[in-house]
Amino acid sequence: MRYDDSPPSPESASSVSPDRRWFTRRSGLAVGAAVLAPTLLAGWVLVQLTTGAGADDARPPRIVMPAAGPSPTPSSSAAPAAPAAPQAKGPLAGKTVVIDPGHNTGNFKHTSEIDKKVDIGTNRKECDTTGTTTNAGYMEAEFTLDVSRRLRTVLEAKGLKVVLTHEADRAWGPCIDERARIGNEAAADAVVSVHADGVSSGNRGYHIILPAKVKGGAADTAKIVGPSRDLGERIGSNFARTTGSAPANYLGSGTGLVVRDDLGGLNLSTRPKVFIECGNMRDAKDAALLTSPEWRQKAAQGIADGIVGFLGG
Ligand code: ZN
């Protein structure tokens, strides 16, 4: 857990890859690697566990190479192909999921850029917002990126193609219209925008935001209202199951579902899409959950289960 405001560094975000590259490059020493790998891996996992800070716990270690096992025949001089991602079977085959980590840890340093209005079809609205924080300063944008990365890991293990709209690898944004466009251009089969709410203490629980039927300018949600509700209901029930959280006690009449017509990310989507507000960062009890990596893993699992169910898997 961490409470500082520093954005996750790009280095820490890619911290897994040097280890994987190490194994890949030394293919000629595959037999040696087979012997050494468990030792090195154990050391590496230990390091991960003992440092355990910052964005590193955003993605549980992906122990891909040792699980796949180096080839016992050191015959090839070329680097072996990266271990194949699991191939989705049945209804999940060929499906794409776009995950949108709400806000950006850099937004608060770029208020003039994110305050610029963009066209959401039915209206004009700020490009993006800073999001909220816990009272101790854990940023919503940190939370959303962490859950999104965990969600990606779970979905990729099912063989799904996963696209994130950003990984705080840009200074700010994307704007809400671009976030919608990324889902549309990926022809996503499902899109989920991950958020946490920032309302007064005592308000607790999760809710899913579903697109209203709107038409205006580039916005026309007629075709996505039905499937988005299905997606949202599945995510909500699975999220409740895996996290033990209750539907929000402050809106949605206890259903955990809210329909809104004022969100550009929903209005401009042509693909089934929902937002999830995972809890209230300003409530101490909810904040204790939101700042727990273990709880965030359960949250990601619940969202993933809902998506997979929606896709028929
Ligand atoms: Zn938000």
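Quick look at the structure, then.

The rules behind each value
Residues numbered from 1 in each chain as written. Predicted model: local features only at pLDDT ≥ 70, side-chain atom pairs only at ≥ 80, totals over all residues. Heavy atoms only, no water. Pairing = 2+ DSSP bridges. Helix = DSSP H or I, 4+ residues; strand = E, 2+ residues; numbered from the N terminus. Axes fitted to C-alpha atoms, helices over the stretch in contact; angles between N-to-C directions. Contact = heavy atoms within 4.5 Å. Expected span 1.5 Å × (residues − 1). Buried < 20%, exposed > 50% of the residue type's maximum accessible area, 1.4 Å probe, protein only.

### A short note on the sheet that holds strand β5 (residues 190-197)
Hydrogen bonding along the main chain pairs the strands of a sheet, whether they run parallel or antiparallel.
Thought 1: In spatial order, the strands read β4-β1-β5-β10-β6-β9; together these six strands make up an open sheet with mixed pairing. Of all strands in the sheet, those with a lone pairing partner are β4 (161-164) and β9 (257-260), marking the two edges. The sheet shows a mean angle of 25° between the axes of neighbouring strands, direction not considered.
Thought 2: Two strands pair when backbone bridges link them, and strand β1 (residues 96-101) and β5 are joined in this way by five bridges, in the parallel orientation. Residue pairing in the sheet places Pro101 in a bridge with Val194 of β5.
Thought 3: With respect to the sheet, helix α6 (residues 140-157) is in contact with β1, β4, β5 and β10 (273-280), its orientation differing from that of β5 by roughly 145°.
Thought 4: Of the strands in this sheet, β1, β4, β5 and β10 are in contact with helix α7 (residues 176-185), which crosses β1 at around 170°.

### Concerning helix α8 (residues 225-243)
Thought 1: For α8, with 19 residues, the first-to-last C-alpha span of 26 Å sits near the 27 Å given by 1.5 Å per residue.
Thought 2: Every buried residue of α8 is accounted for by Ser228, Leu231, Gly232, Ile235, Gly236, Asn238, Phe239, Thr242 and Thr243.
Thought 3: Here the buried face of α8 lies against β5, β6 (207-211), β9, β10 and α11 (293-310).
Thought 4: Note on α8: the residue one or two positions beyond its end, Gly244, has a positive phi of about 75°.

### Some remarks on α6
Along an α-helix, residues three or four positions apart point the same way, because every turn accommodates 3.6 residues.
Thought 1: Given a rise of 1.5 Å per residue, 18 residues ought to cover 26 Å, and the 26 Å separating the end C-alpha atoms of α6 matches this to within 8%.
Thought 2: When you tally the buried positions in α6, you get 16 out of 18 residues, the bulk of the element.
Thought 3: Downstream of α6 by a residue or two, Gly159 has a phi angle that is positive, lying close to 90°.

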